[in-house]
Amino acid sequence: MTRTQTAPAPSKPTLLIVSNEIKPAGPDGKFNARHAVRTLIEAGRASGFRIVAAPFDQFHFELRRSESQPRILLGTSMVRADAAIIRITGPSIAAARMLDRSLRAQGCVMLDPYERFSGSALGKAELLMQVQGKGCDSDRVIALTLKDLERRIRQHDFGSGLKLVVKPTDGYGGTMVRWVDGTEASIGAALDMARSIKGLMPPMIIEPALDVRAEYRVYTLDMEMLGAARRIAEGPDRPANASQGAELVEERPPQAVLDAIARVPTGGLIGWDVALTGGGSAIIIERNRPPSWRHFAAVSDVDISGAVVAHLKAKVGDHRVKGADSIEIRETPRA
């Protein structure tokens, strides 16, 4: 009699979540995290992932002459995972690139493409160059010095009634956007904003204020739309950003908006900000990654975190990275 041997079921896959949105442990020993990380942890656990989540500053690197890849450690554990989400921006991006490359070499499934952490995908200035000439851009100027910024502003013909928008290439949440109407007060406010930035001034974007009929936030995952909302600013000289008081209304954007996004193919999870002008043109304002969706979740039943986790789970399948089930489970953020 021949016995049929059944292959052992694969172990529970490990999902690594690394973010500078996870804050140091509080008095109770637990980390705090923003909405996106918390909901990703919840969705990951619900889908059967083993979750390892930690702030980026808890990791460290070792490079050994005898090994072709850097060793990445979390505490005393070698970092290995079946899938990973890296939500890192700012100065840590170079180190995040090392983490991404090492995980890929192990066979780990990554949410975002490697170019997310390379120069080709960083900052608003790079996006402007990618959309240029594709019918989803507007006339813009990049100033590299404070002197050039003031000169460019003062050269503008404000007599036409067309205001300028001034913002840094590395701004976040609309907090550093300034509208300039030609008055000394508005020019001074824009220059003061640039002076207030610590360290070397980043390139500054100067662009005519658009005749905006509607503005949309659109979430895509590998260029498939997950959900969208129209953003309504508090006032005419306020950014249509939810963190700055804008109202969100769930709404499928016009086809012109979707066509504009399709002209700039970008993998991974993206939050696109697109303006629809009075003339019917769709202008890409920003490509946010990693995006947040706390305000969107308040007006929509679309489960962004669930879609992300399901996407990763499908890619992982039965494949397991050797050693991923032995990584130390850190105290995860409050869910």
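Treat the numbers as computed from the prediction; the structure is a model and nothing was measured. (Residues numbered from 1 in each chain as written. Predicted model: local features only at pLDDT ≥ 70, side-chain atom pairs only at ≥ 80, totals over all residues. Heavy atoms only, no water.)

Draft legend 1. Quick peek at the pattern of salt bridges. By the definition in use, this model includes 18 salt bridges. Linking Asp148 and Arg151 is a salt bridge whose minimum nitrogen-to-oxygen distance equals 2.6 Å. Pair noted here: Asp148 and Arg151 are both in helix 4 (residues 146–155), with a separation of 3 residues, about one helical turn. You can call Asp148 buried: its relative accessible area is 16%. (Salt bridge = Lys/Arg side-chain N within 4 Å of Asp/Glu carboxyl O. Helix = DSSP H or I, 4+ residues; strand = E, 2+ residues; numbered from the N terminus. Buried < 20%, exposed > 50% of the residue type's maximum accessible area, 1.4 Å probe, protein only.)

Draft legend 2. Spatial organisation of the packing of helix 1 (residues 35–46) against helix 8 (residues 304–316). Two numbers describe how helix 1 lies on helix 8: the axes approach to 8 Å, and their chain directions differ by 50°. Here helix 8 runs oblique to helix 1, going by the angle between their axes. In terms of crossing hand, the pair formed by helix 1 and helix 8 is right-handed. Residues Ala36, Thr39, Leu40, Ala43 and Gly44 of helix 1 pack against Ser305, Gly306, Val308 and Val309 of helix 8. Taken together, the residues that form the contact of helix 1 with helix 8 break down as 5 nonpolar, 4 polar and no charged. (Axes fitted to C-alpha atoms, helices over the stretch in contact; angles between N-to-C directions. Parallel < 35°, antiparallel > 145°, perpendicular 65-115°, else oblique. Left-handed = near helix turned anticlockwise from the far one by under 90°. Contact = heavy atoms within 4.5 Å. Nonpolar A, V, L, I, M, F, W, Y, C, P; charged D, E, K, R; others polar.)

Draft legend 3. Region of the structure containing the sheet that holds strand 13 (residues 204–208). Reading across from one edge, 10-13-11-12 is the order of the 4 strands in this open sheet, with antiparallel pairing throughout. The sheet terminates laterally at strand 10 (141–143) and strand 12 (178–180), the two strands that pair on one side only. Recorded for the sheet is a direction-independent mean angle of 25° between the axes of neighbouring strands. Bridge analysis of strand 11 (residues 164–168) against strand 13 gives 5 bridges, and the strand direction is antiparallel. In the sheet register, Lys167 faces strand 13, and the bridge partner there is Ile205. Its contacts with the sheet place helix 5 (residues 184–196) against strand 11, strand 12 and strand 13, and it is angled at close to 145° to strand 12. (Pairing = 2+ DSSP bridges.)

Draft legend 4. Here's a closer look at the sheet that holds strand 7 (residues 77–78). Strand order in the open sheet made by the 3 strands is 5-6-7, with antiparallel pairing throughout. Whereas interior strands pair on both sides, the edge strands pair on one side only; in this sheet they are strand 5 (59–62) and strand 7. Bridge count between strand 6 (residues 71–74) and strand 7: 2 bridges; the pairing is antiparallel. Along strand 7, the bridge assignment pairs Leu74 with Ser77.

Draft legend 5. Broad picture of the packing of aromatic side chains. A complete count under the given rule lists 2 aromatic pairs for this structure. Just above the ring of Phe49 sits the side chain of Lys313; from NZ or CZ to the centre is 5.6 Å. (Phe/Tyr/Trp six-rings, centres within 6.5 Å; stacked < 30°, edge-to-face > 60°. Lys NZ or Arg CZ within 6 Å of the ring centre and 35° of its normal.)

Draft legend 6. How the structure looks around unusual backbone geometry. For the bond from Arg289 to Pro290, the omega torsion is 5°, close enough to zero to count as cis. With respect to the helices and strands, Pro290 occurs in the loop between strand 18 (282–288) and helix 7 (294–297). Phi at Asp222 takes a positive value of approximately 50°, unusual for a residue other than glycine.

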